[in-house]
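# Remarks on the overall topology
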Amino acid sequence: MTDSHADTNTNTNTDTDSNTATNTDPGTGLRAFLRGRSELGVCALLLAIGVLVLTDALTMDTDFAQRGPVGPKTVPIVVGVALLVVAVLLAVDVLRGGKGESEGGEDIDLSAPGDWRTVLLLAGVFLANAFLIEPLGFPISGALLFWGSAYALGSRAFHRDPLIAAVLSTATFFVFDRLLAVPLPGGPLMEVL
């Protein structure tokens, strides 16, 4: 009877050892949990952007543009809260097993790589706008932004795109600077406009 009891203990120890070996396997743990849940990265990004937007909105100086109960903080606060809510709801859905469905359009090639040229061109246009808005003013830098974005997205109408970009930029400047009283840098065109 003692021998069978010893055999049972040996088998139990062997089972425990195999379970321990399985738990240290690189296929378990955090890496295995995150596998197939890449949407959690999107949740973390949305959460970070939401916190950034809310922090920026709550520390914004509103003395220059406050008119009535709705000021320049309202929209950023609404957007920041919406980003946080979407991040939490998406995380809950992913953790419950929800997955995004693949594109099923007939004109989409899912095996084709991403169009990094377009992404880099758009990023360059946005960065150039950020650096040029102060010295050139919004009407000029905005026109370059709109024209550069149209070019990056594939438009090659060189006789039409600059004119549309200039009209959009000037109209945007007037709406924000004159009608909404949100000051935008006018640059060298300030005396003309």
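All values reported here derive from a predicted model rather than from experimental measurement. (Residues numbered from 1 in each chain as written. Predicted model: local features only at pLDDT ≥ 70, side-chain atom pairs only at ≥ 80, totals over all residues. Heavy atoms only, no water.)

## What about the packing of aromatic side chains?
Geometry of an aromatic ring pair is reported as the spacing of the ring centres plus the angle between the planes. Basically, it comes down to this: We call Phe, Tyr and Trp rings a pair once their centres come within 6.5 Å, taking the six-membered ring for Trp, and we label the pair stacked below 30 degrees between planes, edge-to-face above 60, and tilted otherwise. Each residue is assigned to one of three classes by its accessible area relative to the maximum for its type, calculated with a 1.4 Å probe on protein chains only: buried under 20%, partly exposed between the two thresholds, exposed over 50%. Both a distance and an angle decide whether a charge sits over a ring: NZ of Lys or CZ of Arg must be within 6 Å of the ring centre and within 35 degrees of the ring normal.
Counted by the stated rule, this structure contains 2 aromatic pairs. With a centroid separation of 6.2 Å and 35° between ring planes, the pair formed by Y151 and F158 is classed as tilted. Residue Y151 is classed as partly exposed on the basis of its relative accessible area, which comes to 30%. Ring plane angle 70° and centroid distance 6.0 Å describe the contact between F173 and F174, whose orientation is recorded as edge-to-face. The class of F173 is buried, set by a relative accessible area of 0%. F174 gets classed as partly exposed once you look at its relative accessible area, which sits at 32%. Between R156 and the ring centre of Y151, over which it is positioned, the NZ or CZ distance is 3.8 Å.

## Focus: helix α3 (residues 39–58)
Spelled out, the test is: Counting from the N terminus, the helices are DSSP H or I runs at least four residues long and the strands are E runs at least two residues long. To estimate how far a helix should extend, the number of its residues minus one is multiplied by 1.5 Å. Arc definition: directions from the helix axis to the C-beta atoms.
Taking 1.5 Å per residue, 20 residues should reach 28 Å; α3 reaches 28 Å between its end C-alpha atoms and fits that length. All of the buried residues along α3 are L40, C43, L46, G50, L54 and A57. One side of α3 holds all its buried residues, which, seen down the axis, span an arc of 115°. Among the exposed residues of α3, those oriented more than 90 degrees off its buried face are L45, L52 and D56.

## Thoughts on the confidence of the model for the chain
Which entries qualify depends on this criterion: Per residue, pLDDT measures the predictor's confidence, with a range of 0 to 100. Note on contacts: a residue pair is in contact if any heavy atoms of the two residues lie within 4.5 Å.
Chain-level pLDDT for the chain is 80 on average; 72% of the residues reach the 70-or-more range. Ranking the elements of the chain by mean pLDDT puts helix α1 (residues 2–23) last, at 48, and helix α6 (residues 138–152) first, at 94. Of the regions scoring below 50 in pLDDT, residues 12–24 engages in 2 contacts with residues more than four places distant in sequence or in other chains.

## Comments concerning the environment of G98
Relative to the assigned elements, G98 resides in the loop between α4 (74–95) and α5 (116–136). Looking at G98, the relative accessible area reads 19%, which means it is buried. Note: C-alpha distance between G98 and E39 (59 residues apart in sequence) is 9.5 Å.

## Topic: a nonpolar patch on the surface
Here is the rule: Note that patches include only residues with greater than 30% relative accessible area and no salt bridge, and the join distances are 9 Å for like charges and 5 Å for nonpolar side chains (Val, Leu, Ile, Met, Phe, Trp, Tyr). For every accessible area listed, the method is Shrake-Rupley and the probe measures 1.4 Å; residues are considered covered only by the protein chains on display. Here a salt bridge means any side-chain nitrogen of Lys or Arg lying within 4 Å of a carboxyl oxygen belonging to Asp or Glu.
On the surface, L127, F131, L132, L144, W147 and F158 cluster together into a nonpolar patch covering about 620 Å² of accessible area. Secondary-structure elements contributing two or more residues to the nonpolar patch are α5 and α6.

## Observations concerning unusual backbone geometry
Its identity as a non-glycine residue notwithstanding, A181 has a phi of 60°, on the positive side. Summarising the element assignment, A181 is placed in the segment after α7 (161–179).

## Comments concerning the environment of M190
Note that M190 resides in the segment after α7. Its relative accessible area of 37% is what places M190 among the partly exposed residues.

## Here's the deal with the pattern of salt bridges
Following the criterion strictly, the structure yields 2 salt bridges and no others. Two residues, D161 and R160, come together in a salt bridge whose shortest N-O distance is 3.8 Å. The partly exposed category is assigned to R160, whose relative accessible area is 43%. As a salt-bridge pair, R178 and D177 come within 2.3 Å of each other at their nearest N and O atoms.

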